[in-house]
Amino acid sequence: MGALHDERQQPERDRLPVAGADFQRYSVEGQSLGDRTTMTGRAPRMALGGGRLKMPPLMRIIVLSVLGVALFLGMVAVSLQPATGWTADLSAWRHPLRIDPGIWTSLLTGILAYLMSVWVWALKPSSLAGTLFAVSGLMTLLFCFSSFPGSIALPMNDAAVSRFWIVNMLGASGFGIVMTCLFLIYPRGLPHWKLLAAVTIIGFGTWTLLRTFGPFRDFAEVQRITTVEMFSIIASVAWQVHASRSDPRQSAIARWLGASVLIGAGAFIGSVALPLTFGFPPLIRENYAFSFFLIIYAGLAAGLLRYRLFDLGAWAYRLVFYALAIVLLIGIDLALISLLSFGRSEAFGLSLLLVGFAYLPLRESLWQRFTRGSHQPAQALFQGVADAAFQPTAVERRQAWTELLKRYFQPLDMAPGSAGISAPRIANEGLTLYIPSIPDSPSLKLEYGRQGRALFSSNDVETVRHLVSLSIQLTESRAAYDRGVSEERLRIARDLHDNIGAQLLRALHSTAPDKKDSVIRDTVADLRDVINHSHDGALDLDEMLADLRAETAERLEPHRIGLSWSLQADAGLTLTPASIHALRSVVREAASNTIKHANASVFIVSIMVSEGDLQVQITDDGEGFATAEVHRGKGLANMKARIESVGGTFLISTEGAGPKLAATLALDGVRT
């Protein structure tokens, strides 16, 4: 590469190292304001996107890409020309692998930056920000393509070489001006941005023009100009990030695009322009350092998907894929005709076949990869809803629900929604998604889904509808489960109070050891039933009542309380286990109350079956109690709950000497 430089000993080039640096030092010189018309975004619109020549986006991409590629091929042809002069004889050209590698680095960086910029502008020709970004790509192409005259073997006079440096200087300086102006307006217009843009254009433009043309020409000054421009870019990016901090999407765009530009352009300035400005050699050769600028355009490509830069989304890639398909079709067709002597029809047919079977599947695979996103599978999504619904506390359920929505939709911002949201809906042209409230969680407002790189869609609305419905169903199921647990706990408490307590009291007052043991064994059996809630199979009413009568008489006898027991029912009746359990518990609890509180001499139980209902009346001749005392303690409440739990009714009255309990078991509780 150094030999190549040595081959070029033109007088103009001998004058280039004016600033005392070697030849490489000047390979990026030549930065100027560029085209002011383009800076304002008017020229591209008038050329292809405005009212004079209206083209669809795909056609704009193809036309501008063809122009750029043609220029690229032209520069390749110039670079491969031999030192003997221009020739069309390909055999006389220099070998592509034996020319200065810096040429290829510069050319590829320039054309890639240009194509990316063309892509953005072709889709958004009316956007000033998109136009400025496109101009930055054009500037990159200019200073890259004009950065290697010393590596060209083709003889050139001083004027031709100077034109290279002029274009290089105008392109490099124009890039800095355009980037500064871009961050003055994007993603949001900064205060007084027009005045600041004018100052930037006039200031840097005048400086650049004075050092590019006329008596003050000094191409080495471009290093100082671009270094100062870099500080203006940093300032505008920092201001933009600060000004956009209240808007999540704008803040994300400012940080993402700003970081891409600062890293890409900053790496070049830090490794090349800044050392040269202070009289030090560059850390890396300029032509190689140009590749840092591709970071900007790689950031743009990722930002389109991630943050919808310039309001472009994943759909923008489809046009690129379509354009590539057309270019491939044409390229293959031309190659088959010119290189393999195919006929036109055969070449076109084979081209279609190759594109259809090779490119289209690849395109689909790439598209799926680009747009795959991070959606959770349905199973994981619904599992997340279940996990949120079954969290133990309301706070944890709300947090789990919120985290689920964040993971799935990845909004840049999530805030409480209004209380009137009853169904999911989209607002702000897809930028906002409202989530209705669910139990334990208020309504929510999600903005800028998928980290701002996608709009909310009708599919999202439908997904939210299913999630909310599932969450409500699971919440109701959890509530039912909680109620079941509570009721089971109450049942056990009632059984322990009414049955086990009565049985133990009976055993306590039994004087016969054998009888005491038998009562204790029965109590253990009852306790096992309480725990297992095992009341399977219908029981004989006569048998149960006989046992209950004997048990009651035995309990009353030690307290000198007589038992009056009457039964009016046909033989052979059976009761469901639940009804038997309720009836036994009521009689036991009533007997316990008489023993402990009534000071009675007789306990009266009257049972009859009438019209399918089992009616039980229990009273005594004791002291009774006031109606207001009915609600004291758990015994009476338990009796009422037991009867009502099997569909019966339970009444208490205080007429006469003692209280009168009347229970009626529903017809459904009696089986014959």
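Model, not experiment: these values are computed from the prediction.

What follows is about the sheet that holds strand β4 (residues 444-447). Read across the open sheet, the four strands follow the order β1-β4-β3-β2; overall the sheet is antiparallel. Looking at which strands have only one partner, the edges of the open sheet turn out to be β1 (413-416) and β2 (425-427). Averaged over all adjacent pairs, the angle separating strand axes in this sheet is 25°, with direction ignored. The sheet contact formed by strand β3 (residues 432-435) and β4 spans four bridges and is antiparallel. Within the sheet, the bridge partner assigned to tyrosine 434 lies in β4 and is lysine 445.

With that out of the way, let us pick up the packing of aromatic side chains. Centre-to-centre distance and the angle between the planes together describe a pair of aromatic rings. For the structure on display, the rule yields 11 aromatic pairs. Lying over the aromatic face of tyrosine 288, arginine 285 brings its terminal NZ or CZ to 5.5 Å of the ring centre. Over the ring of tyrosine 434 we find arginine 425, and its NZ or CZ is 4.4 Å from the ring centre.

Before going further, it helps to examine the environment of leucine 548. Structurally, the position occupied by leucine 548 is in helix α20 (residues 541-556). Judged by relative accessible area, which is 2%, leucine 548 ranks as buried. Residues leucine 548 and leucine 583, 35 residues apart in the sequence, show an inter-C-alpha distance of 9.5 Å. Residues within four places of leucine 548 in sequence aside, it is in contact with Trp565, Leu583, Arg584, Val587 and Arg588.

Moving on to unusual backbone geometry. It is generally the case that most residues other than glycine have a negative phi and that most peptide bonds are trans. Residues tyrosine 186 and proline 187 are joined by a peptide bond in cis, for which omega reads 5°. Here proline 187 lies in the loop between α8 (158-185) and α9 (193-212). If you check the backbone angles, histidine 192 has positive phi at about 60° while not being a glycine. Considering the arrangement of structural elements, one finds histidine 192 in the loop between α8 and α9.

The side-chain alternation of strand β9 (residues 613-620) yields one buried face, formed by Leu614, Val616, Ile618 and Asp620, and one unburied face, formed by Asp613, Gln615, Gln617 and Thr619. Relative to β9, strand β8 (residues 602-610) runs antiparallel, the two being bridged by eight bridges. Note on β9: the bridge partner recorded for phenylalanine 603 is aspartate 620. Between β8 and the antiparallel strand that follows it, β9, lie two residues; glutamate 611 among them carries a positive phi value of about 55°.

Take the sheet that holds strand β6 (residues 562-568) next. Sheet strands line up and pair through hydrogen bonds in the backbone, either parallel or antiparallel. Reading across the sheet, the five strands line up as β6-β8-β9-β11-β10 and stay open at both edges, with mixed pairing between neighbours. Two strands bound the open sheet, and with one partner strand each, they are β6 and β10 (649-653). Each neighbouring strand pair of the sheet contributes to a mean axis angle of 10°, computed without reference to strand direction. Strand contacts of α20: β6, β8 and β9, with the helix running at about 170° to β6, the strand carrying the most contacts. Helix α21 (residues 577-598) contacts β6, β8, β9, β10 and β11 (660-665) of the sheet and is inclined by roughly 10° relative to β9.

Right, let's get into empty space enclosed by the protein. Considering all chains together, one arrives at four cavities of 30 Å³ or more under this definition. The calculated volume of the second largest cavity comes to roughly 60 Å³. Lining the second largest cavity, in full, are Val385, Ala388, Ala389, Arg397, Arg398, Trp401, Ile438, Pro439, Asp440, Ser441, Ser471 and Thr475. By residue class, the composition of the lining of the second largest cavity is six nonpolar, three polar and three charged.

A residue-level look at the protein chain finds 81% of positions with pLDDT of 70 or above and a mean pLDDT of 79. When pLDDT is averaged over each element of the protein chain, α9 comes out on top at 94 and helix α1 (residues 2-7) at the bottom at 34. Under a pLDDT of 50 for its full length, residues 1-52 has, in the predicted model, 156 contacts with residues more than four places off or in other chains.

Moving on to the pairing of β4. As judged from the four bridges shared by β1 and β4, these two strands associate in the antiparallel manner. When the sheet's bridge partners are listed, aspartate 413 is paired in β4 with glutamate 447.

This part covers the side chain of arginine 555. Within the secondary structure, arginine 555 sits in helix α20. Of note is the side chain of arginine 555, whose polar atom sits 2.4 Å from the side chain of serine 592. Ignoring any residue separated from it by four or fewer positions in sequence, one finds arginine 555 in contact with Ala502, Leu505, Arg506, Arg588, Ala591, Ser592 and Ile595.

Relative to the 16 Å expected for 12 residues at 1.5 Å per residue, helix α16 (residues 378-389) spans 17 Å between its end C-alpha atoms, a close match to the ideal helical length. Here α16 has its buried residues at Leu381, Gly384, Val385, Ala386, Ala388 and Ala389.

What counts, and at which threshold
- Residues numbered from 1 in each chain as written.
- Predicted model: local features only at pLDDT ≥ 70, side-chain atom pairs only at ≥ 80, totals over all residues.
- Heavy atoms only, no water.
- Pairing = 2+ DSSP bridges.
- Helix = DSSP H or I, 4+ residues; strand = E, 2+ residues; numbered from the N terminus.
- Axes fitted to C-alpha atoms, helices over the stretch in contact; angles between N-to-C directions.
- Phe/Tyr/Trp six-rings, centres within 6.5 Å; stacked < 30°, edge-to-face > 60°.
- Lys NZ or Arg CZ within 6 Å of the ring centre and 35° of its normal.
- Buried < 20%, exposed > 50% of the residue type's maximum accessible area, 1.4 Å probe, protein only.
- Contact = heavy atoms within 4.5 Å.
- 1 Å grid on protein atoms, 1.4 Å probe; cavity = no way out; pocket = protein on both sides within 12 Å on 5 of 7 lines; lining within 4 Å.
- Points joined across faces, edges and corners; volume = space filled by probe spheres on them.
- Nonpolar A, V, L, I, M, F, W, Y, C, P; charged D, E, K, R; others polar.
- pLDDT = per-residue confidence, 0-100.
- Polar contact = N/O pair within 3.5 Å; in protein donor to acceptor, adjacent residues only side chain to side chain.
- Expected span 1.5 Å × (residues − 1).

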